[in-house]
There are 2 protein chains.
Amino acid sequence: MALLQRIAIVGVGLIGASMARAAREYGAAQSVALYDLSPGVRDRARALGLGEVFDEIGAAVADADLVVFATPVGAMGAAMQAAAPWLKPGAIVTDVGSVKQAVVAAIGPHLPPGVVFVPGHPLAGTEHSGPDAGFAQLFQNRWFIATPIGDSRAEQDASQKLAAFWQTLGARTETMTPERHDVVLAVVSHLPHLIAFNIVAMAEDLETVTESEVVKYSASGFRDFTRIAASDPTMWRDVFLNNRDAVLEVLGRFSEDLSALQRAIRWGEGDKLYDLFDRARRMRREVIDAGQDTAAPNFGRDQER
Amino acid sequence: MALLQRIAIVGVGLIGASMARAAREYGAAQSVALYDLSPGVRDRARALGLGEVFDEIGAAVADADLVVFATPVGAMGAAMQAAAPWLKPGAIVTDVGSVKQAVVAAIGPHLPPGVVFVPGHPLAGTEHSGPDAGFAQLFQNRWFIATPIGDSRAEQDASQKLAAFWQTLGARTETMTPERHDVVLAVVSHLPHLIAFNIVAMAEDLETVTESEVVKYSASGFRDFTRIAASDPTMWRDVFLNNRDAVLEVLGRFSEDLSALQRAIRWGEGDKLYDLFDRARRMRREVIDAGQDTAAPNFGRDQER
C-alpha cells in the first residue's frame, strides 16, 4: 500500500516531474494529480504519462492529501491563492522552493483553516529543466530540508508525514528554520550559481578572447562553470529576488576575499596564495567523504568521451 | 617503430607521469627517461614502472631527442639551467607549463647552441596530482597548444615533430603566440580556478555557516567548485605569480560584472537577471557541441552513487 492516497503537484518542471515519477515508482502515493500553468507543459506531462493531468488547478488539488507547489518561487503565491478554495480539509501543503522565508510570506496568507503548511526544499537537481528532464532517482541520497513554521500538534504530524514521504522518494531529511535555511543555501547554492552565471556571461562578451576560443579551450577549467550556469533562468531570477539579503551578505564576503586574493597576486605574495589554495584543497576530501560527490577524477565524465 | 627514440621528462607529477605512460602505450617514444627533484617522487616513479628513473638530471636528459619540463612553472628556469650542459646537440626542449611568456623568459637564456626550444601547453588535467595520478588516456581529444618563438627552419621542424608527438598521445594541436596563450588561458582556466579557490576558502571560515553544513549540503551547487579547488597548490601559485597581468585584467572585468549583478539583485531588476542567466545558459550547449564536456546531467556523476 502506498504511503499517501493521492498527491497533487502544481508545476511540472524538473522537480515536479521527478517527484511524480518517484512517488509512483517507490510507492509514496497511490495516485498523482498534476497541474501546470502552461498548456504546453501539461501536454508534455500527459505524453510522458507522469500522472493525471488537469487543465484547472482546482480539479488537480481537490482530492489530494498532499499538495506540492513546484513552481518558480515567484509564482507560488498566485498558485496557492488559486488552489486554496479547493483544498480538502486535513490536506498538507508543501513546496520545493529554493528560498523559504519568501515562500512562507507568499503562501501563508492564503492558507484555509484545517490545512497545514510545511515548507520544504529538496537539495536536488540537474542543469536540465522542464518535464522531460525529470527522473525517479533524482532524490536518492539527497537532502530534503523541512522548515516548519509552528509546532502545533497538527504541524508536527504533518512534518512527520512529509519527512516519511521524502524518505520514500530516497531522500535524507533534516529540519531547520526558514531563516537558517536561507542563510545556508545562500552559501552552498545561491552564491555558487551567481558566480557561475557571472563568469559565463562575462566570457561571452569579452573583447580580448572570442566566444569560440572560450568554448574550444573550456576543458581547462571553464566548462565546470557552464554546467550550473545552464540552470533554469526563471527559477534563478526568483531565487535572487527572494533571498536578496542573505545573497548580498555572502556576496559581499566573497568580493572582499577576492580583493585580498587580487592584492596578493599583484604584490607577488606566493606564500599567501599557497596557503589559501592548500586550504581550499582540503574541502574536496570532506565533500567526497560525506558522500556528496564522486571521487573519480574530473567527476568521472571523461570516461564517456 | 616509435616516433622518437628517447624522451626525457623532468618533473613527474600528474602530467609528467601521464606523458610517460602515454608515450610508451601509444608508441610515441622508444624509451622514457625520468627525473624529479624529489627523491620520494623518484621512488614512486620507479615503483610505478613509469620509465628509467635517474637520480641526476644530467643523466636523465643526456641522450634524449625530446626533453620535456613538466615541473611547476616557477621551477623551470633552475631545472633548465641544471639540464643545459647535458643536452645533446639537435635535441628539442619543450615544456607543459600553464603560462608561456614567463616560461620563455625562464628557459630561453639557458638554451645551448644547437638545441631548439618550442614551448607548449597540453590543456589536460584532473584535480589529482603526483605520479600516482597519471594515466595514459589523459590527453585523448584534449588540445595541445604550441607557442613557437621564432620561425627558423630548425624551429619549424621542431614544432612539427612536437605536434606529431602530441598527436600520437591523442591530443589535437594548435599554435598561437605566447602572449595570446596567456590571455586566452587567463580567461578559460586561470580565472575559473581563482574563483573556485576563493569561494571554497571563504566557505571554510564563514561565521554564519559551519564548514560541516557547507560540506553536508554541497550538492546544491558548491561541490562543483571544490573539484578544481583541489588542484595542486604549488602549480597554481606559480601560475598566478607568472601570469599576473593577464589574470588581473580579466579578474577586474569579472569583478566589474559581478558588481553590476549585485546591483541588479539589490534593486530587484528581474528582467536584467533573467537576460543574463538566459545568455549564460546558451554557452553550455556550445561546450557540449564542441565535444568539450559530457551532455549527461550533473556530469553523469550521480549514476555512480
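Residues numbered from 1 in each chain as written. Chains lettered and ligands numbered in written order. Predicted model: local features only at pLDDT ≥ 70, side-chain atom pairs only at ≥ 80, totals over all residues.

### Some details on the domain arrangement of chain A
Think of interface size as the accessible area that goes away when the parts come together; that is how it is often given.
Residues and elements named next belong to chain A.
So, step 1. The assigned domain composition of chain A is domain 1 (4–176) and domain 2 (180–296).
So, step 2. Each of domain 1 and domain 2 has a C-alpha centre, and these two points are 30 Å apart.
So, step 3. Contacts between the two partners involve 15 residues from domain 1 and, on the opposite side, 18 residues from domain 2.
So, step 4. Here the residues of the side of domain 1 that touches domain 2 sort into six nonpolar, seven polar and two charged. (Domains from an automatic or database assignment. Contact = placed C-beta atoms within 7 Å. Nonpolar A, V, L, I, M, F, W, Y, C, P; charged D, E, K, R; others polar.)

### Considering the pairing of strand β9 (residues 172–175) of chain B
So, step 1. Direction of pairing for strand β8 (residues 143–146) of chain B relative to β9(B): parallel, over a ladder of four bridges. Within β9(B), the position partnered with Ile145(B) by the bridge is Glu174(B). (Pairing = 2+ DSSP bridges. Helix = DSSP H or I, 4+ residues; strand = E, 2+ residues; numbered from the N terminus.)

### Quick notes on the interface of chain B and chain A
So, step 1. The interface is formed by 93 residues belonging to chain B together with 93 residues belonging to chain A.
So, step 2. Listing elements by their share of the side of chain B that touches chain A, those giving two or more residues are α7 (178–204), α8 (211–216), α9 (222–228), α10 (233–242), α11 (244–266) and α12 (270–289) of chain B.
So, step 3. The biggest single contributor to the side of chain B that touches chain A is α7(B), with 19 residues.
So, step 4. Its residues placed into classes, the side of chain B that touches chain A shows 50 nonpolar, 21 polar and 22 charged.

### Some words on the nonpolar core
So, step 1. In this structure, Val10(A) and Val10(B) are the most contacted members of the largest nonpolar core, which totals 215 residues.
So, step 2. Once you skip the residues sitting within four places of it in the chain, Val10(B) turns out to touch Tyr35(B), Ile57(B), Ala60(B), Val67(B), Val68(B), Phe69(B), Ala70(B), Thr71(B), Ala79(B) and Ala83(B). (Core = buried A, V, L, I, M, F, W, Y, C linked by C-beta atoms within 7 Å. Buried ≥ 20, exposed ≤ 12 C-beta atoms within 10 Å, placed from the backbone.)

### What to know about the sheet that holds strand β2 (residues 29–35) of chain A
All names here are of chain A.
So, step 1. Read across the open sheet, the six strands follow the order β3-β2-β1-β4-β5-β6; overall the sheet is parallel. The open sheet has two edge strands with one neighbour each: β3 (52–53) and β6 (116–117).
So, step 2. Here strand β5 (residues 92–95) runs beside β6; their pairing, made up of two bridges, is parallel. Opposite Ile 92, over in β6, you have Val 116 as the bridge partner.
So, step 3. Across the face of the sheet, helix α6 (residues 153–168) comes into contact with β1 (4–10), β4 (66–69), β5 and β6 while running at roughly 55° to β5. (Axes fitted to C-alpha atoms, helices over the stretch in contact; angles between N-to-C directions.)

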